[in-house]
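Next come the chains, spelled out residue by residue.
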Amino acid sequence: MRSIRNVIIALILTGFLLLAYSCTTGACFDETTAYMKASLFLNSTGKQTAPDSLSLWGAGMDTSKIYNAQKSLKQALVPLDASSGSCSFIIKINEVYDTLSAWYSTYPHLLSKDCGYTFYHNIDSLNSTNHKIVKISITKNSVTTISEENIRIYY
Amino acid sequence: MNSTGELMAQKPAATVPPDTVTFPLTIRAGVDISGPVIYLTDKNNLTVEGYLSADLNEKRSLYLGGGYSNYKYSQYNYSYVTNGFFIKAGVDFNLMKPQTAKGKYWAGVGLHYGLSSFSYEIPELSHDNYWGTTTASLPTQSLWSHFIEASPGFRAQFFGNVTIGWSISLRKMIYSGGGKDIRPIYIPGYGLAASSFSAGINYYIIWNFRYKTIKVLIKKEQPEEPEEETTPSTNTNTNTNTGSGNMQNPEP
């Protein structure tokens, strides 16, 4: 009978622990925005190299810059417009302006109960002017919150 | 002396003769009261659950449970609504000795398979980024999920035919029914679907209907044997003084 009593006490305690655990509210500590990750490559060497200076903002959003004369930046995190199928950016590499455009599809993705939903994208195509940019390429067209390179910009 | 004329040494009784106890087999109908109690404090979460079980013998019972769940959740960037039914079936094992349980107590574990049929909807979701706020909604989707459940617990007779008890439910998801991107966050009968493992607790009021009485063979606990003072010989030809028959000498 003593062993049964011990088992019952253990089960009661386990039950209360589980109840306490189940009542714990969570918080979101995860990345919630799916950025298009753009790596910067020096075309002459073919190596990933940070330009002396990089500025980036959405077309028509000059007052709100994503990067402003950023130094030592080897990979830019570029937010896509989830309410549109395409968007354009002004990119200034070493004081030379280019325009980068992306076409993509968007779909909702559940991150977690605490973080809620975000929007993921699939890149269909890219285009850019070639003042400083030599070429661009897509390495992974699925844009998620995972830290994976999506495009390469050769300058 | 046996038929060959050899002497048979008397052996001490190795086991105490078995005994029996009377054990009532019952059919049970239980109602979970934890769901409605939780609903009193959280109007967004209602689960009504019950079960039927029938004793096969003093150790095993067939279990059939089911219920309905209506769950709502909302936070700053989305809201979620789900409702649906679930059923569970399996076997409950009573780990108590029959002479202790006497049909009044149950301490054991149930192993169940669960199936949930439900629908869910995200009436609104929003996401903020550099370009502003994007809003959307996802229409109602109907899904099937299934899972397995281990539920250790305890029940005791309260009065008459009424028993009360509780059980912990430890569930492992087999299939949630959702996709990689859009999937349910709550599954009726299973709980929060964020993990492939979920836990819960139920408190039951149970009505018992006795349908049969069986006699269960039990072994009485053996008394401890006193330590022997001398080590008995293993020689089968050792003479004893208990018989009066002829003594056989070893072969030369």
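All figures in this text were calculated on a predicted structure; none of them were measured in a lab.

1. What to know about the interface of chain B and chain A
One frequently used descriptor of interface size is the decrease in accessible area upon assembly of the parts.
Logical step 1: Contacts between the two partners involve 27 residues from chain B, matched on the other side by 28 residues from chain A.
Logical step 2: For the side of chain B that touches chain A, the element with the highest residue contribution is strand S6 (residues 132-159) of chain B, accounting for five residues.
Logical step 3: Of the residues assigned to the side of chain B that touches chain A, the class counts are 18 nonpolar, seven polar and two charged.

2. Let's talk about the environment of A:Asp62
Logical step 1: Here A:Asp62 is to be found in the loop between strand S3 (54-58) and strand S4 (65-70).
Logical step 2: Between the C-alpha atom of A:Asp62 and that of A:Ile90, which follows or precedes it by 28 residues, the distance is 8.7 Å.

3. What to know about the environment of A:Val134
Residue and element names in this part refer to chain A.
Logical step 1: By the secondary structure assignment, Val134 is in the loop between strand S8 (116-128) and strand S9 (135-138).
Logical step 2: Remark: the alpha-carbon pair of Val134 and Ile91, spanning 43 residues in sequence, is separated by 13 Å.
Logical step 3: Leave out the neighbours within four places in its chain, and Val134 touches Asn43, Tyr154 and Tyr155.

4. What about the sheet that holds strand S6 (residues 86-93) of chain A?
Residues and elements named next belong to chain A.
Logical step 1: As summarised here, the arrangement of the six strands in space is S4-S3-S6-S7-S8-S10, forming an open sheet in which the pairing is antiparallel. Of all the strands in the sheet, the pair left with one neighbour each is S4 and strand S10 (142-143).
Logical step 2: Where S8 meets S10, two bridges bridge the pair, whose relative direction is antiparallel. Along S10, the bridge assignment pairs His121 with Val143.

5. A short note on the environment of B:Phe85
Residue and element names in this part refer to chain B.
Logical step 1: Structurally, Phe85 is set in strand S4 (residues 78-94).
Logical step 2: For Phe85, a count of 14 C-beta atoms within 10 Å translates into the label partly exposed.
Logical step 3: For the pair Phe85 and Leu115, spaced 30 residues apart in the sequence, the C-alpha separation amounts to 8.6 Å.
Logical step 4: With residues up to four places along the chain from it excluded, the contact list for Phe85 reads Gly66, Tyr68, Ser117 and Pro188.

Cut-offs used in this document
- Residues numbered from 1 in each chain as written.
- Chains lettered and ligands numbered in written order.
- Predicted model: local features only at pLDDT ≥ 70, side-chain atom pairs only at ≥ 80, totals over all residues.
- Contact = placed C-beta atoms within 7 Å.
- Helix = DSSP H or I, 4+ residues; strand = E, 2+ residues; numbered from the N terminus.
- Nonpolar A, V, L, I, M, F, W, Y, C, P; charged D, E, K, R; others polar.
- Pairing = 2+ DSSP bridges.
- Buried ≥ 20, exposed ≤ 12 C-beta atoms within 10 Å, placed from the backbone.

All we've got here are geometric facts, nothing functional implied.
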